[in-house]
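Coordinates in review
These are the residues of each chain, in order.
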Amino acid sequence: MDVLLRNLAGLLLDIWPYAVCFTAIALATKRARIVEAIRRSSGEATTNALLLIFNALILVPLFVAPVTALEHWLGQYRLVSEESWAALPGLLTVILAILAIDFVAYWRHRFEHAGPIWRFHATHHADTTIHWLSVQRKHPIARLMSLFADLTLVWLIGVPVWAIFAAALIRGWWGYFIHADVPWTLGPLGKVLISPAAHRLHHIRDEQLMGHNFGNTFTLWDRLFGTYLDPAPYVDCETGIAEGTRGFFGELARPFEARYQWRRKTTPAPAEAEPEEAPA
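Below or above, wherever it landed, is the structure these notes cover. (Residues numbered from 1 in each chain as written. Predicted model: local features only at pLDDT ≥ 70, side-chain atom pairs only at ≥ 80, totals over all residues. Heavy atoms only, no water.)

Considering the packing of aromatic side chains
The criterion, for reference: For Phe, Tyr and Trp, where Trp contributes only its six-membered ring, two rings pair if their centres lie within 6.5 Å, and the inter-plane angle classes them as stacked under 30 degrees, edge-to-face over 60, or tilted in between. A run of H or I in DSSP becomes a helix once it reaches four residues, and a run of E becomes a strand once it reaches two; helices and strands are each numbered from the N terminus. Relative accessibility decides the category of a residue: with a 1.4 Å probe and only protein chains considered, values under 20% of the type maximum give buried, values over 50% give exposed, and everything between is partly exposed.
Applying the stated criterion to the full structure yields 19 aromatic pairs. Here Phe 103 and Trp 221 contribute two aromatic rings whose centre-to-centre distance is 4.9 Å and whose plane-to-plane angle is 70°, an arrangement assigned as edge-to-face. Of this pair, Phe 103 sits in helix 4 (residues 90-112) while Trp 221 sits in helix 10 (residues 220-224); the two residues are 118 residues apart in sequence, bridging distant segments of the chain. Exposure remark for Phe 103: the relative accessible area of 28% places this residue in the partly exposed category. Taking relative accessible area as the criterion, Trp 221 reaches 16% and is therefore assigned buried. Each member of the aromatic cluster is reached from another via a ring pair, and the members are Phe 103, Tyr 106, Trp 107, Phe 214, Trp 221 and Phe 225.

If you want it as structure tokens, here you go:
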């Protein structure tokens, strides 16, 4: 219990800068509408906070050892030498690290929208009042997939550890930012960086349009692989999924409901033919 309490205290210390920053943004942009916005999002925000606590305090600690072992193993097969990375300017190294993490996360994210894996990712799309804490609305299985997948490429190509941490920090802040309930397209900068409006479009209630803007930070991979869509016509679009939003336990159970189960299709046996009458 003491360990959990210490970890919870550490989590609160980690999260408070985001809370202060994005609460200030909400107050500045919503003003008189802030009370109504809080009322509408309070239920889903509670679910998101509980999922964050569960994943951070119970799930992630269980997998620190295997993830560390995977990173160490990948680090033995560096495709780019330390000397090559050292020759690059620090800012360029961080940008390349972000692009590499984004590349893997882009394809992991697209994979989550396909077939049986969607059942675990659906939790992330269930918010009808998307807000900064929506970034933490992740089913534990989906959280594990990102934990094991997203950093594999940067370890494999030998990106320096300091650059990986810097890239992860920047992507973390940007992830909260693009989930904020603000109608910002970022103008010309939004052509290069995923904006809150572009990511809200990814959360749109329309499941056809949902298959766009998979990136977290840069628009590059969406543009290269044909999934980028200009968010300007869809600012403040409705978000959510057909199955609706759930509470904490409902989201944990969602992937295991009957609607998601694969059943073998069986063809009904042909009706038994009537015996022919013997000729008279």
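Moving on, there is more to tell.
What to know about the nonpolar core
One broad trend across soluble globular proteins is that nonpolar side chains are buried collectively. The following threshold applies: Throughout this description, the term nonpolar core refers to a set of buried Ala, Val, Leu, Ile, Met, Phe, Trp, Tyr and Cys residues connected via side-chain atoms within 4.5 Å. Residues count as neighbours in contact if any of their non-hydrogen atoms are within 4.5 Å of one another.
Grouped together as the largest cluster of nonpolar side chains are 38 residues, with contacts concentrated most on Phe 22, Trp 132, Val 154, Val 159 and Tyr 176. At the level of elements, helix 1 (2-30), helix 2 (34-75), helix 4, helix 7 (152-156) and helix 8 (161-178) are the ones that each hand at least two residues to this core. Contact partners of Val 159, with chain neighbours within four places excluded, come to Trp 85, Ala 97, Val 154 and Ile 164. One finds Trp 118, Ile 204, Met 210 and Cys 237 within the second-largest nonpolar core, a separate group that totals nine residues.

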